[in-house]
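Residues per chain, in single letters:
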Amino acid sequence: MSFDENLIALRQAVTHTLGVIDGKLRNKANKTDVLTTEQIDARIQVLIGSAPETLDTLAEIAEALGNNPSFATTIAEELAKKATKTRVTELENQLGESLTALTDAFTQGAATIQNSTQEAS
């Protein structure tokens, strides 16, 4: 290749590269799409909202949740262990039956004691 041909090839390569760069710059977000630092800070403040000062960072929230990466799963599992209304009713009925049986046993015991003391006198 001659010197002139090399210059032409170099010029074409530079022109192509500038065209690519120009296209990429044109496709870049314009200033109306890019938030300022103040706008980002304002959005963060909206996200934090009225959280108490002790829970206004992600670290504080994580600590309050026991730093449990599976917090949602843990809570769901614990809620699943909670007694249902049906189970509570069953337990109440069992307790009532047990108290009735205990009362009957005391009544029978008292009657037996009373009968034995009357027979002895």
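For every chain, the first residue of the written sequence is number 1, and numbering continues from 1 along that sequence. Restriction of local features to residues with pLDDT of at least 70 applies here, the model being predicted, together with a cutoff of 80 or more for giving and counting side-chain atom pairs; totals for whole chains, interfaces and linings are based on all residues. To get the side-chain values, all heavy atoms of the structure are used, and hydrogens and water are removed first.

Q: Teacher, can you tell me more about the overall build of the chain here?
A: The helix and strand labels rest on DSSP assignments: H or I over at least four residues marks a helix, E over at least two residues marks a strand, and numbering proceeds from the N terminus. Each helix and strand counted, the chain has 5 helices and 0 strands in total. The globule rule used here is 2.2 Å times the number of residues to the 0.38 power, and the radius of gyration it is set against is calculated over C-alpha atoms. Computed over C-alpha atoms, the radius of gyration of the chain comes to 41 Å, more than 25% over the 14 Å expected from 2.2 N^0.38 for 121 residues, which places it beyond the range of a compact globule. Each of the three principal axes of the chain carries a C-alpha extent, and together these read 140 × 40 × 20 Å. A simple rule labels every residue: compare its accessible area, found with a 1.4 Å probe on the protein chains alone, to the largest value its type can have, and call it buried under 20%, exposed over 50%, or partly exposed in between. Considering the chain as a whole, with its 121 residues, one finds that 0% of them fall into the buried category. Residue-level accessible areas treat just the shown protein chains as cover; the underlying method is Shrake-Rupley with a 1.4 Å probe. Surface summary for the chain: the accessible area is close to 11000 Å², and the carbon and sulfur share equals 60%.

Q: Explain unusual backbone geometry to me, please; I cannot follow it from the model alone.
A: Glycine aside, a negative phi is what most residues show, and trans is what most peptide bonds show. Non-glycine residue Asn-67 carries a positive phi angle of around 50°. As for its placement among the helices and strands, Asn-67 is situated in the loop between helix H3 (58-64) and helix H4 (71-81).

Q: What is the right way to look at the pattern of salt bridges in this model?
A: Side-chain pairing between opposite charges can occur once the charged atoms of the two side chains come close. Salt bridges are identified by distance alone: a Lys or Arg side-chain nitrogen within 4 Å of an Asp or Glu carboxyl oxygen. Scanning the entire structure with this criterion turns up 2 salt bridges. Note that Glu-78 is salt-bridged to Lys-81, the shortest N-O span being 3.1 Å. Remark: Lys-81 and Glu-78 occur in helix H4; sequence separation between them is 3 residues, near one turn of the helix. As a salt-bridge pair, Arg-87 and Glu-90 come within 3.2 Å of each other at their nearest N and O atoms. Of this pair, Arg-87 and Glu-90 both sit in helix H5 (residues 85-120), separated by 3 residues, roughly a single helical turn.

Q: I would appreciate a short explanation of the environment of Leu-35 in the present structure.
A: One can find Leu-35 in the loop between helix H1 (3-27) and helix H2 (37-48). The contact definition used throughout considers only heavy atoms, calling two residues in contact when any of these lie within 4.5 Å. Leave out the neighbours within four places in its chain, and Leu-35 touches Ile-40 and Arg-43.

Q: Please clarify how the environment of Thr-54 should be interpreted in this entry.
A: Following the sequence through the fold, Thr-54 ends up in the loop between H2 and H3. Taking relative accessible area as the criterion, Thr-54 reaches 59% and is therefore assigned exposed. Residues Thr-54 and Ala-64, 10 residues apart in the sequence, show an inter-C-alpha distance of 9.3 Å.

Q: Please clarify how the environment of Gln-108 should be interpreted in this entry.
A: Looking at the secondary structure, you find Gln-108 in helix H5. For Gln-108, a relative accessible area of 55% puts it in the exposed group. Between the C-alpha atoms of Gln-108 and Ala-83, which are 25 residues apart in sequence, the distance is 35 Å.

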